[in-house]
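This is what each chain is made of:
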Amino acid sequence: MSTEDIPLPDLKLLRLFELLYATGSVTRAAEQLGQSQPTVSIWLARLRELLHDPLFVRTPAGMQPTPRAQALIGTVRDALACVRRLAETAPDFDPAQAKRRFRICMTDASHVTLLPQMLAHVRAVAPGVRLEAARIDADTARALEAGDADLAIGLVPGLEAGFYQQTLFAQDWVCLANRRHPRLADGRLTLRRYEAEPHVAIAAGTGYQLLAAVLKERQITRDVHLELPGFLGLPAIVSTTDLVATLPRHIGETLARTADLLVLKCPLPLPGFEVKQHWHARFHHDAANRWLRGVCAALFMREGADRKGTARPGK
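Predicted, not measured: the structure shown is a model, and the values here were computed from it. (Residues numbered from 1 in each chain as written. Predicted model: local features only at pLDDT ≥ 70, side-chain atom pairs only at ≥ 80, totals over all residues. Heavy atoms only, no water.)

Colleague: What is the right way to read the overall build of the protein chain from this model?
Modeller: If you tally the helices and strands in the protein chain, you get twelve helices and twelve strands. Against the compact-globule benchmark of 20 Å for 315 residues, the protein chain has a radius of gyration of 32 Å, which places it well outside the compact range. Based on the C-alpha atoms only, the size of the protein chain along its principal axes is roughly 105 × 40 × 30 Å. Split into buried and exposed, the 315 residues of the protein chain put 43% on the buried side. (Helix = DSSP H or I, 4+ residues; strand = E, 2+ residues; numbered from the N terminus. Rg over C-alpha atoms; globule rule 2.2 N^0.38 Å. Buried < 20%, exposed > 50% of the residue type's maximum accessible area, 1.4 Å probe, protein only.)

Here is the structure:
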C-alpha cells in the first residue's frame, strides 16, 4: 500500500490519543472533549483498529500506554501542533513596529496628488515602513497577482478576474490657463474658444485615451503646440504661455494651487471616471495589505464614494 492509500485518523482521534496519554482516564478525556464516555470508547476502538494496537490498557493505575502508544505520542503531539498552528488567526500588522516595503503602482498624476499625503501619513504612524512608487502598465496585473506589487491606484481598466477594487473618489475634467491669459481673463471657456486656443497635451495615460476618444468622436481638433509625457513641466509651461491644458480635476486643481493657475470648466462633454485602488484576491486577507488599503481609504475616499468598498473578484 502506498502512502497515499493509508487511511488517516480524524483529528478527534488524535486529540483523544493525546488526552488519554496525559490523563490515563477515559472519563476525564471524555469530559475535556465534551463527549459522553460511550462515544469516547467508540472512538478509542476506531483508533485501535486504525493503528493495529490496543494503545491503552486498563490497569489499577488507570489507562496505561502500550509500547506502540509510547512510540507514537511524539508524532501525535507534533501533528496536533501543526494543525493548531494552521488554525491560528493570522498575526495582526502593527505599523508602529513593522519593517517592510510596499510597492504601489500609480499614475504620474498620483505622484503629485496622492503620494505626498500618503508618505506623510506613513512616516508619522509607521516609521519602519518604506514606499516604492511604480508605473501602471501592461505588467501591473501580473505584479499584483505575484505579490511584486501591493496595490494599484488609479483608473486601471482590465483588472477583472481575481481582483478586488475600492472606489476612492470620482473625477471630472477641468482646463488650466495662465491667470493673465489675454483671452480668458473673464474665466469663461466656450467650446468655440476651446477649439481656437493653443493647447499643451499630456500624451500618456488612460485619461489621455479618454480625452482623445471624445475629441475624435466629436470631430474636435485641438491646436496642440506642445506634448508632454507627464505633468512635471506643465505648471511652468501654462504659467508662462497662453497654452490651455485639459486635465482630470484632482491633478488640475493641485497644479493650479502650486502655480497660481486659472481653473476653468471644461467645455467638452468628457465622461467622468472613478479613481480606485486595486489588489489581487490572493492578498485580500493579508494583514499588511489590509492596513495599506485602509490608509488609502482613510486619506482619499470622498463623501459619496462607495464606502462598502469592495467588489467581488471576477470570474
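Colleague: Would you mind showing me how to read the sheet that holds strand 6 (residues 163-171) here?
Modeller: Backbone hydrogen bonds hold the strands of a sheet together, and the pairing may be parallel or antiparallel. Across the sheet, which stays open at both edges, the five strands sit in the order 4-3-5-12-6 with mixed pairing between neighbours. Unpaired on one side and paired on the other, strand 4 (129-135) and strand 6 mark the two borders of the sheet. Averaged over all neighbouring strand pairs, the angle between strand axes comes to 20 degrees, with direction disregarded. Along the sheet face, helix 12 (residues 287-300) touches strand 3 (100-106), strand 5 (151-154), strand 6 and strand 12 (273-280) and points at about 15 degrees away from the line of strand 6. (Pairing = 2+ DSSP bridges. Axes fitted to C-alpha atoms, helices over the stretch in contact; angles between N-to-C directions. Contact = heavy atoms within 4.5 Å.)

Colleague: When you look at the pattern of salt bridges in this model, what are you seeing that I'm missing?
Modeller: Pairing between side chains of opposite charge can happen when the charged atoms of each approach one another. Enumeration according to the criterion identifies 14 salt bridges in this entry. Note that Arg-15 and Glu-18 form a salt bridge whose closest N and O atoms lie 2.6 Å from each other. Note that Arg-15 and Glu-18 are positioned in helix 1 (residues 11-23) at a spacing of three residues, about one turn of the helix. The exposure class assigned to Arg-15 is partly exposed, which follows from its relative accessible area of 28%. Across the pair Arg-142 and Asp-148 runs a salt bridge whose closest N-O atoms are separated by 2.9 Å. (Salt bridge = Lys/Arg side-chain N within 4 Å of Asp/Glu carboxyl O.)

Colleague: What is the right way to read the packing of aromatic side chains from this model?
Modeller: The tally for this structure, following the rule as stated, stands at six aromatic pairs. Seen from their ring centres, Phe-17 and Phe-56 are 5.3 Å apart, and the 75 degrees between their planes marks the pair as edge-to-face. Within this pair, whereas Phe-17 is found in helix 1, its partner Phe-56 is found in strand 1 (residues 56-59), the two being separated by 39 residues in sequence. Judged by relative accessible area, which is 1%, Phe-17 ranks as buried. Judged by relative accessible area, which is 1%, Phe-56 ranks as buried. Pairwise contacts between aromatic rings join Phe-93, Phe-102 and Trp-291 into one cluster. (Phe/Tyr/Trp six-rings, centres within 6.5 Å; stacked < 30°, edge-to-face > 60°.)

Colleague: Help me understand unusual backbone geometry in this model?
Modeller: Negative phi characterises most residues that are not glycine, and trans characterises most peptide bonds. In the Ramachandran plot, Leu-55 falls in the positive-phi region, its phi being about 70 degrees despite a non-glycine side chain. Along the chain, the position of Leu-55 falls in the loop between helix 3 (37-51) and strand 1. The residue Gln-219 is not glycine, and still its phi comes out positive at about 55 degrees. Looking at where Gln-219 falls in the secondary structure, it is placed in the loop between helix 9 (205-217) and strand 9 (223-228). On the accessibility criterion, Gln-219 (71% relative accessible area) is exposed.

Colleague: I tried to follow the sheet that holds strand 9 on my own but got confused; where do I start?
Modeller: Pairing is mixed across the open sheet formed by five strands, whose spatial order is 9-8-10-7-11. Both edges of this open sheet fall to strand 9 and strand 11 (262-265), since each of them pairs with a single strand only. In this sheet, adjacent strand axes meet at a mean angle of 35 degrees when their direction is disregarded. Relative to strand 10 (residues 244-248), strand 8 (residues 198-202) runs parallel, the two sharing two bridges. Following the sheet pairing, His-199 is matched in strand 10 by Val-244.

Colleague: In this structure, what is going on with the UniProt feature "domain: HTH lysR-type" (unreviewed entry) in the protein chain? I would like to understand it.
Modeller: As recorded in UniProt, the feature "domain: HTH lysR-type" (unreviewed entry) lies at residues 9-66. Each end of residues 9-66 is marked by a C-alpha atom, and these two atoms are 19 Å apart; helix forms 62% of the span and strand 14%. (UniProt positions renumbered as here; feature names shortened; annotations may be inferred.)

Colleague: Teacher, can you tell me more about the environment of Gln-166 here?
Modeller: Considering the arrangement of structural elements, one finds Gln-166 in strand 6. You can call Gln-166 buried: its relative accessible area is 10%. Sequence-wise, Gln-166 and Ser-239 are 73 residues apart; in three dimensions their C-alpha atoms are separated by 35 Å. In this structure the side chain of Gln-166 is engaged in a polar contact, spanning 2.5 Å, whose partner is the side chain of Gln-277. (Polar contact = N/O pair within 3.5 Å; in protein donor to acceptor, adjacent residues only side chain to side chain.)

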